Amino acid sequence: MSSQDVLKNASTLASYNVLLQVMFRVLTFLLNAFTLRFVSKELIGVVNVRLTLLYSTLVFLSREAFRRACLSGSTDGKRNWRQLINLLWLTLPLGVLWGALLAAVWLWLLEVPDPQSVPFYGPAVLLFGLAGVQELLAEPLWVLAQVHMFVKLKVVAESLAMLAKCSVTVVLVMSAREWGLYIFSAAHLVYTGVLVLCYAVYFLHFLPSKEAIESNFPLRNIRDLMPHKAHGEPLVDWTVARLTWSFFKQSFLKQILTEGERYVMTFLNVLSFGDQGVYDIVNNLGSMVARFIFLPIEESFYIFFAKVLERGRDVKSQKQEDVGVAADVLQCLLKLVLVIGLIIAVFGYAYSELALDIYGGSLLSSGAGPSLLRYYSCYVLLLAVNGVTECFVFAAMSQEEVDKYNLVMLALSASFLFLSYMLTWWAGGVGFILANCLNMALRITHSVLYIRRYFLSSQWKPLRGLLPSLPLCLVLGVSAAVTVVSEIAFCCDGGWLLRFVHVGVGAACLFFVLGTVVLTETQLVVFVRTQLLPQYRKKRL
């Protein structure tokens with residue numbers, strides 16, 4: 001498969017992932033808005049922070065290293081899928097082990113919520129852990145789907161799972177509110193169960209099909225998906241296993257950096273359960289665009305870079321055509337996320353209070369809510385740039401470089417925890433965002449230096465993607481000033497008419513910003529038009 005074909009498939013995957021994440025976040029957005037009116041903020045805090053952290057920690061530590069290692073390296077024809085399947089099934093016993101360990105910590109070492117306001121905490125911990133282990137049953141199938149670019153399978157599976165979860169939540173909140181945490185535990189079990197079922201049904205249908213035979217799919221029947229040892233060959237590919245171990249050591253640190261504020265809230269008790277609920281709602285609202293646009297791009301183009309580039313080899317020793325394509329794509333991706341991040345930072349400042357007032361009423365728009373969302377809008381810019389730079393760096397690093405980077409992540413993790421604790425005591429919830437900003441800036445600096453060294457001896461300069469055009473900077477600066485004045489004049493206590501005026505001012509400014517992007521960032525516009533947008537119309541897997 002040529003680099004252009006890989007780019008095309010990665011773009012397709014990114015586009016479908018964006019669609020999936022849009023639907024995901026919209027449904028979650030509406031579900032949170034609905035539950036805010038029926039359950040207490042303490043219960044939301046326990047579910048969205050404490051229990052979700054248990055689930056995400058279990059799943060991430062059990063599978064992330066396996067995913068990165070198995071998606072890296074050789075082309076499809078050179079993979080020994082029997083050995084990879086054997087390796088991927090290790091996620092299940094590892095998940096059981098992590099589940100037992102984390103459940104013990106959550107039940108016996110952490111503060112237990114008041115059973116009057118948050119009932120059934122103990123059973124909920126066990127059920128969330130069970131949901132995480134259940135999801136790991138689909139891991140070999142997920143990796144197969146990603147490697148072979150079954151782009152619609154993930155969309156359909158996760159869409160159906162999310163719809164099932166939302167339906168169960170709404171029905172139980174309306175009819176059995178007294179069940180407390182059982183409502184959200186049952187909904188999460190349904191989500192992971194439907195997800196596993198969709199992947200299993202698809203491959204049961206696909207493997208014996210004529211399409212699988214014609215496409216020379218490496219597996220032939222359902223027995224090939226089960227762990228077993230072939231005569232005369234190792235049980236697993238030890239090269240991939242060693243790479244998995246390197247990523248596994250790193251996954252601890254990355255999880256702390258990714259979910260750091262939740263760990264601080266959970267283990268250090270710097271915020272009450274109610275305050276955790278408010279912070280988490282604002283955090284989710286502020287990160288919607290980051291999660292449904294930036295994360296799918298990062299995941300999909302990590303696969304592209306991992307396939308096009310040869311891990312651990314310098315630029316001159318690789319095919320120059322592939323390196324050139326990778327450099328051009330990296331430059332366009334950096335420019336894309338930079339422009340989106342700048343727009344969010346500029347307009348997020350002036351429209352945070354209005355957004356929170358519409359979403360959750362005075363519960364969110366009063367107090368620290370607007371300040372949290374304003375700071376988060378700036379943090380999104382750093383989050384966007386870091387996602388793209390790190391997805392390239394992790395695809396290009398050798399195993400030895402990955403091991404060395406573990407030491408960098410260790411230092412960042414320690415500094416993040418310290419900064420989070422200190423800044424939270426000083427600035428409340430805003431301290432979490434400030435600590436994230438500082439650590440994200442350090443991670444970006446490390447990645448940028450690596451990319452600069454990587455391309456230093458070549459003709460390509462992909463880091464130019466981090467330099468927006470001067471006209472765009474000027475228009476963004478004027479828009480920031482105009483929208484702030486508009487907020488002071490029209491928002492948010494003068495009624496809906498003045499709110500609409502404030503929204504209209506922002507829409508006009510956004511129109512001028514987008515027009516400037518089209519006129520001045522021509523390479524970016526061509527990339528989006530030719531590589532991303534057409535993929536929404538693709539129908540084949």
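Anything mentioned here points back to the structure above.
Residues numbered from 1 in each chain as written. Predicted model: local features only at pLDDT ≥ 70, side-chain atom pairs only at ≥ 80, totals over all residues. Heavy atoms only, no water.

A. Highlighting the overall build of the chain. Secondary structure summary: the chain contains 21 helices and zero strands in total. Expected size for 541 residues packed as a compact globule is a radius of gyration near 24 Å; at 24 Å, the chain falls within 12% of this value. With respect to the three principal axes, the spread of C-alpha positions in the chain is 75 × 55 × 45 Å. Looking at the chain as a whole, 57% of its 541 residues qualify as buried. Sequence-distant contacts in the chain: of pairs separated by 6 or more residues, those separated by 24 or more amount to 83%. When the accessible surface of the chain is summed, it comes to about 22,900 Å², and 68% of that surface belongs to carbon and sulfur atoms. Charge centroids of the chain, computed over 43 positive and 35 negative side chains, lie 6 Å from each other. (Helix = DSSP H or I, 4+ residues; strand = E, 2+ residues; numbered from the N terminus. Rg over C-alpha atoms; globule rule 2.2 N^0.38 Å. Buried < 20%, exposed > 50% of the residue type's maximum accessible area, 1.4 Å probe, protein only. Contact = heavy atoms within 4.5 Å. Areas by Shrake-Rupley, 256 points an atom, 1.4 Å probe, with all protein chains shown as cover. Lys, Arg positive; Asp, Glu negative; His and termini not counted. Charge placed at Lys NZ, Arg CZ, Asp CG, Glu CD.)

B. Representation of the nonpolar core within the structure. Judged by nonpolar contacts, the single largest core of 173 residues is most densely connected at Tyr199, Phe203, Phe305 and Phe455. It is helix H14 (residues 320-360) that contributes the most residues to this core, 24 residues altogether. Setting aside chain neighbours within four positions, we find Phe203 in contact with Leu141, Leu144, Ala145, Phe150, Leu153, Pro208, Phe217 and Leu225. (Core = buried A, V, L, I, M, F, W, Y, C linked by side-chain atoms within 4.5 Å.)

C. Molecular detail of the packing of helix H6 (residues 139-147) against helix H8 (residues 181-206). Look at H6 against H8: their axes get within 10 Å of each other, and the N-to-C directions meet at 60°. Note that H6 runs across H8; the crossing there is left-handed. Of H8, the residues touching H6 (which contributes Leu141, Trp142, Leu144 and Ala145) are Tyr199, Ala200 and Phe203. Residues belonging to the contact of H6 with H8 are distributed by class as follows: seven nonpolar, no polar and no charged. (Axes fitted to C-alpha atoms, helices over the stretch in contact; angles between N-to-C directions. Left-handed = near helix turned anticlockwise from the far one by under 90°. Nonpolar A, V, L, I, M, F, W, Y, C, P; charged D, E, K, R; others polar.)

D. Broad picture of the environment of Thr192. As for its placement among the helices and strands, Thr192 is situated in helix H8. Along the backbone, Thr192 and Glu135 are 57 residues apart, and their C-alpha atoms lie at a distance of 5.2 Å. Apart from the residues lying within four places of it in its own chain, the contact partners of Thr192 are Tyr55, Ala131, Gln134 and Glu135.

E. Geometry of the packing of aromatic side chains. On inspection of all chains with the given rule, the structure shows 25 aromatic pairs. Between Tyr450 and Tyr454, the ring centres sit 6.1 Å apart and the planes meet at 25°, which makes this aromatic pair stacked. In this pair, Tyr450 and Tyr454 are both assigned in helix H18 (residues 429-454), four residues apart and thus about one turn of the helix distant. Overall, Tyr450 belongs to the buried group, its relative accessible area being 8%. Through a chain of ring-to-ring contacts, three or more aromatic side chains come together here, namely Phe301, Phe304, Phe305, Phe392, Tyr450, Tyr454 and Phe455. Here the basic side chain of Arg67 rests over the ring of Trp142, its NZ or CZ set 3.5 Å away from the ring centre. Taking NZ or CZ as reference, Arg68 lies 4.7 Å from the ring centre of Tyr302, over its face. (Phe/Tyr/Trp six-rings, centres within 6.5 Å; stacked < 30°, edge-to-face > 60°. Lys NZ or Arg CZ within 6 Å of the ring centre and 35° of its normal.)

F. Structural context of the environment of Ala33. Mapped onto the elements, Ala33 comes out in helix H1 (residues 3-35). The sequence separation of Ala33 and Ile358 amounts to 325 residues, and the corresponding C-alpha distance is 9.8 Å.

G. Focus on a nonpolar patch on the surface. Together, Phe267, Leu268, Phe418, Tyr421, Met422 and Trp425 make up a nonpolar patch on the protein surface, roughly 640 Å² of accessible area in all. Examined against the element boundaries, Phe418 turns out to sit in helix H17 (residues 399-427). Judged by its relative accessible area of 55%, Phe418 falls in the exposed class. (Patch = residues over 30% accessible without salt bridge, like charges linked within 9 Å, V, L, I, M, F, W, Y side chains within 5 Å. Salt bridge = Lys/Arg side-chain N within 4 Å of Asp/Glu carboxyl O.)

H. Geometry of the pattern of salt bridges. Taken as a whole, this structure holds 10 salt bridges when the rule is applied. In this structure, Glu64 and Arg68 form a salt bridge, with 3.1 Å as the shortest nitrogen-oxygen distance. Of the two residues, Glu64 and Arg68 both sit in helix H2 (residues 41-71), four residues apart, roughly one turn of that helix. According to the relative accessible area criterion, Glu64 is buried, its value standing at 16%. Overall, Arg68 belongs to the buried group, its relative accessible area being 9%. Between Asp280 and Arg262 there is a salt bridge whose closest N-O contact spans 2.6 Å. Of this pair, Asp280 sits in helix H12 (residues 273-286) while Arg262 sits in helix H11 (residues 260-268), placing them 18 residues apart in sequence. In this structure Asp280 comes out as buried when scored by relative accessible area, which is 2%. A relative accessible area of 6% means that Arg262 is categorised as buried. Counted as one network, the salt bridges with shared partners bring together Arg63, Arg67, Glu135 and Glu139.

I. Broad picture of H11. In terms of burial, H11 is a largely internal element, seven of the nine residues being buried. For H11, the full list of buried residues reads Gly260, Glu261, Arg262, Tyr263, Val264, Met265 and Thr266. Immediately beyond the C-terminal end of H11, within one or two residues, lies Asn269, with a positive phi of roughly 55°.

Purely geometric numbers; function is a separate question.
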